[in-house]
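Structural overview for review
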Amino acid sequence: MTNSPREVAQTFYNMIHAGAFVELFASLTEDCVIEYFGPAVIPFAGRFIGREKCRLFFDHVANDVAIHEFRQDDFMPGDGMIAVTGHLHLSFKATGRRYASDYVHVIHVRDGKIARFRDFQDSAQAAYVCADVSTPIR
């Protein structure tokens, strides 16, 4: 018997909290799709198709941001999916700037693995902390 979408999501978040990205990678289907909606200045923004491309998303999360808070508040299950609301507080390592945002994650599960992950948060704040907005010296 495969795990419910809630159980899969809870395991997924536990792996993120533990920094267990290798194990997390194994929890994705081969054809997994990750979508983070935001401009290209955000290294982890875009549509990542296939397990290998999804690894890029998690590599950016693991290496480009420091997670100060990553809280899951509500788990709202649907048919083969779950929506999760929460709050995060991150800093972008390259600039040192921080941002905080509420988020909604929509996770689709197939055969006990994550088949699609959509991340909705305040990408305007994320873009600002990722961008180099300093005045250049010429």
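Residues numbered from 1 in each chain as written. Predicted model: local features only at pLDDT ≥ 70, side-chain atom pairs only at ≥ 80, totals over all residues. Heavy atoms only, no water.

A word on the nonpolar core
- In terms of nonpolar packing, the biggest core is built from 39 residues, with F12, Y13, F57 and I107 touching the most fellow members.
- It is helix α1 (residues 5-18) that contributes the most residues to this core, six residues altogether.
- Apart from the residues within four sequence positions on either side, I107 is in contact with A9, F12, Y13, G80, M81, I82, I114, R116 and F117. (Core = buried A, V, L, I, M, F, W, Y, C linked by side-chain atoms within 4.5 Å. Buried < 20%, exposed > 50% of the residue type's maximum accessible area, 1.4 Å probe, protein only. Helix = DSSP H or I, 4+ residues; strand = E, 2+ residues; numbered from the N terminus. Contact = heavy atoms within 4.5 Å.)

Side note on the sheet that holds strand β4 (residues 81-92)
- On the basis of which strands lie adjacent, the open sheet formed by six strands has the order β2-β1-β6-β5-β4-β3 and mixed pairing. At either end of the open sheet lies a strand with only one pairing partner, and these are β2 (46-49) and β3 (65-78). Pairs of neighbouring strands in the sheet enclose a mean axial angle of 15°, with direction left out of account.
- With eleven bridges connecting them, β4 and strand β5 (residues 98-110) associate as antiparallel partners. Paired with G86 across the two strands is Y103, which belongs to β5.
- Strands β3, β4, β5 and β6 (113-121) of the sheet are contacted by α1, whose axis makes an angle of about 175° with β3.
- Against the sheet, helix α4 (residues 123-130) makes contact with β1 (28-36), β4, β5 and β6, and its axis sits at roughly 120° relative to β5, the strand it touches most. (Pairing = 2+ DSSP bridges. Axes fitted to C-alpha atoms, helices over the stretch in contact; angles between N-to-C directions.)

A look at empty space enclosed by the protein
- This model, assessed by the stated rule, comprises one cavity of 30 Å³ or more.
- Empty space within the largest cavity amounts to approximately 200 Å³.
- Along its surface, the largest cavity is lined by 18 residues, and F57, V61, F70, L88 and D119 are the ones closest to its centre.
- Breaking the lining of the largest cavity down by element, the ones donating at least two residues are α1, α3 (51-64), β3, β4, β5 and β6.
- Classifying every residue of the lining of the largest cavity gives 15 nonpolar, two polar and one charged. (1 Å grid on protein atoms, 1.4 Å probe; cavity = no way out; pocket = protein on both sides within 12 Å on 5 of 7 lines; lining within 4 Å. Points joined across faces, edges and corners; volume = space filled by probe spheres on them. Nonpolar A, V, L, I, M, F, W, Y, C, P; charged D, E, K, R; others polar.)

As for the environment of G86
- Relative to the elements of secondary structure, G86 occurs in strand β4.
- Take G86: its relative accessible area is 4%, and that puts it in the buried class.
- With near-sequence residues (within four places) excluded, G86 lies in contact with R71, Q72, D73, S101, D102 and Y103.

Considerations on α3
- For α3, which comprises 14 residues, the first-to-last C-alpha distance of 20 Å matches the rise-based estimate of 20 Å (1.5 Å per residue) to within 8%.
- Taken together, the buried positions of α3 are R51, C54, F57, F58, V61 and D64. (Expected span 1.5 Å × (residues − 1).)

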